[in-house]
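So the chains spell out like this:
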Amino acid sequence: ALELYRAVFDQQTTATDEQVSVALWAAGQLAEKTGQTAEAVRWYARLDRQFPDLPYHDAVLYQWAWALRDLQESANSQRLFQRIVDEHPHSTYWHDAGFRLAEALFERGQSAQSAELLARVQQAGPPESIAPHLGYLEGRQAIARRPPSSGLPRSLRSCGTPGPTWLPWLACGMPNRWPR
């Protein structure tokens with residue numbers, strides 16, 4: 001099927017823009033599903049260049065960003081997530097793209113920018129599917145803001161054997177209660 005797409009697009013066709021854009025989108029998705037991620041990236045890039053005003057342009061950018069992440073091209077992937085945040089504020093992909101950017105900023109040591117973007121994502125009412133991820137990143141940010149000597153000693157925050165000082169919810173992500 002991909003060979004047919006290639007043959008059609010290598011020739012000049014009389015297809016309408018809508019037909020061409022749908023075919024490019026389908027070719028990218030098919031390439032990705034068949035493990036040809038680099039080819040999918042080329043289809044998505046071409047679709048973006050030729051049809052930047054598509055009603056599903058946000059979906060193209062999102063798929064393209066994930067394909068780039070699969071190819072270990074995180075900087076390019078982050079640029080596409082940034083485009084979703086900047087160009088498509090009402091997209092169903094906006095929350096996840098914002099989270100991915102906030103996570104990348106945090107990993108690069110840009111904690112203030114990460115916290116600001118994460119707050120924007122949380123204020124925008126994210127879907128429940130990413131709420132645990134947002135909470136996890138928020139927790140990591142809170143831990144990073146504390147001075148190393150603050151809070152409980154590391155020995156009291158271990159995931160070790162339950163005892164009178166065992167506080168697993170601080171270090172192990174467990175509920176705030178003693179085991180039964």
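Keep in mind it's a predicted model, so treat the numbers as computed, not measured.

Enquirer: Provide a residue-level description of the pattern of salt bridges, including the pertinent values.
Expert: Applying the stated criterion across every chain yields a total of five salt bridges. Of the charged contacts in the structure, one is a salt bridge between Glu-103 and Arg-100, with a shortest N-O distance of 4.0 Å. Remark: Arg-100 and Glu-103 occur in helix α6 (residues 94-107); sequence separation between them is three residues, near one turn of the helix. Residue classification places Glu-103 among the partly exposed positions, given a relative accessible area of 23%. Arg-100 gets classed as buried once you look at its relative accessible area, which sits at 17%. A salt bridge links Arg-140 to Glu-107, with the shortest nitrogen-to-oxygen separation between them at 2.5 Å. One end of the pair, Arg-140, is in helix α8 (residues 131-145); the other, Glu-107, is in helix α6, and 33 residues separate them in sequence. Arg-140 gets classed as partly exposed once you look at its relative accessible area, which sits at 23%. A relative accessible area of 52% means that Glu-107 is categorised as exposed. Each of Asp-48, Arg-83 and Glu-87 takes part in salt bridges that share partners, so that together they form one network.

Enquirer: Please give an account of the packing of α6 against helix α7 (residues 111-123) that cites residues and values.
Expert: The contact between α6 and α7 brings their axes to 8 Å, and the two run at 165°. Between α6 and α7, the angle is such that the two are roughly antiparallel. The handedness of the crossing between α6 and α7 is left-handed. Taking contact as the criterion, the partners of Trp-94, His-95, Gly-98, Phe-99, Leu-101, Ala-102, Leu-105 and Phe-106 in α6 are, on α7, Ser-111, Gln-113, Ser-114, Leu-117, Leu-118, Arg-120 and Val-121. For the contact of α6 with α7, a count of residues per class yields nine nonpolar, five polar and one charged.

Enquirer: Can you tell me about unusual backbone geometry, naming the residues and giving the values?
Expert: With the exception of glycine, most residues fall at negative phi, and the peptide bonds are largely trans. Phi at Gln-72 takes a positive value of approximately 65°, unusual for a residue other than glycine. Within the secondary structure layout, Gln-72 lies in the loop between α4 (57-70) and α5 (74-87).

Enquirer: Give a detailed account of the confidence of the model for the protein chain, specifying residues and quantitative values.
Expert: Counting all residues, the mean pLDDT for the protein chain is 82, and 73% of those residues have values of 70 or more. In the predicted structure, residues 164-171 sits below a pLDDT of 50 and forms 21 contacts with residues beyond four places in sequence or in another chain. This model gives residues 174-180 a pLDDT under 50, and the stretch forms 11 contacts once residues within four places in sequence are excluded.

Enquirer: How would you explain α4 if you had to name every residue and give the values?
Expert: Since one α-helical turn is 3.6 residues long, residues separated by three or four positions face the same way. If you check α4, its first and last C-alpha atoms are 20 Å apart, about what 14 residues at 1.5 Å a residue would give, namely 20 Å. By the criterion of burial, α4 is predominantly enclosed, with 10 of the 14 residues buried. All of the buried residues along α4 are His-57, Asp-58, Ala-59, Val-60, Leu-61, Tyr-62, Trp-64, Ala-65, Ala-67 and Leu-68. On its buried face, α4 sits against α2 (17-33), α3 (37-50), α5 and α6.

Scoring rules and cut-offs
- One numbering rule holds for all chains: residues counted from 1, following each sequence as written.
- Since the coordinates come from a predicted model, pLDDT governs what is reported: local features require at least 70, and pairs of side-chain atoms require 80 or more to be given and counted, while whole-chain, interface and lining totals use all residues.
- With hydrogens and water excluded, all non-hydrogen atoms of the structure serve as input to the side-chain values.
- Any carboxyl oxygen of Asp or Glu that lies within 4 Å of a side-chain nitrogen of Lys or Arg is treated as forming a salt bridge with it.
- The numbering of helices and of strands both runs from the N terminus, where a helix is a DSSP run of H or I of at least 4 residues and a strand a run of E of at least 2.
- Partly exposed residues are those whose accessible area sits between 20% and 50% of the maximum for their type, while under 20% is buried and over 50% is exposed, using a 1.4 Å probe and protein chains only.
- Helix axes are fitted only over the stretch in contact, all axes being lines through C-alpha atoms; the angle between N-to-C directions runs from 0 to 180 degrees.
- Oblique is the label for any angle not under 35 degrees, not over 145, and not in the 65 to 115 range, which are roughly parallel, roughly antiparallel and roughly perpendicular in turn.
- Should the near helix be turned anticlockwise from the far one by less than a right angle, the crossing is termed left-handed; should it be turned clockwise, right-handed.
- Any pair of residues with heavy atoms lying within 4.5 Å of one another is described as a contacting pair.
- Polar here means any residue other than Ala, Val, Leu, Ile, Met, Phe, Trp, Tyr, Cys and Pro, which are nonpolar, and Asp, Glu, Lys and Arg, which are charged; Gly is therefore polar.
- Note: pLDDT gives the predictor's confidence per residue, expressed from 0 to 100.
- Expected helix span is computed as 1.5 Å times (number of residues minus one).

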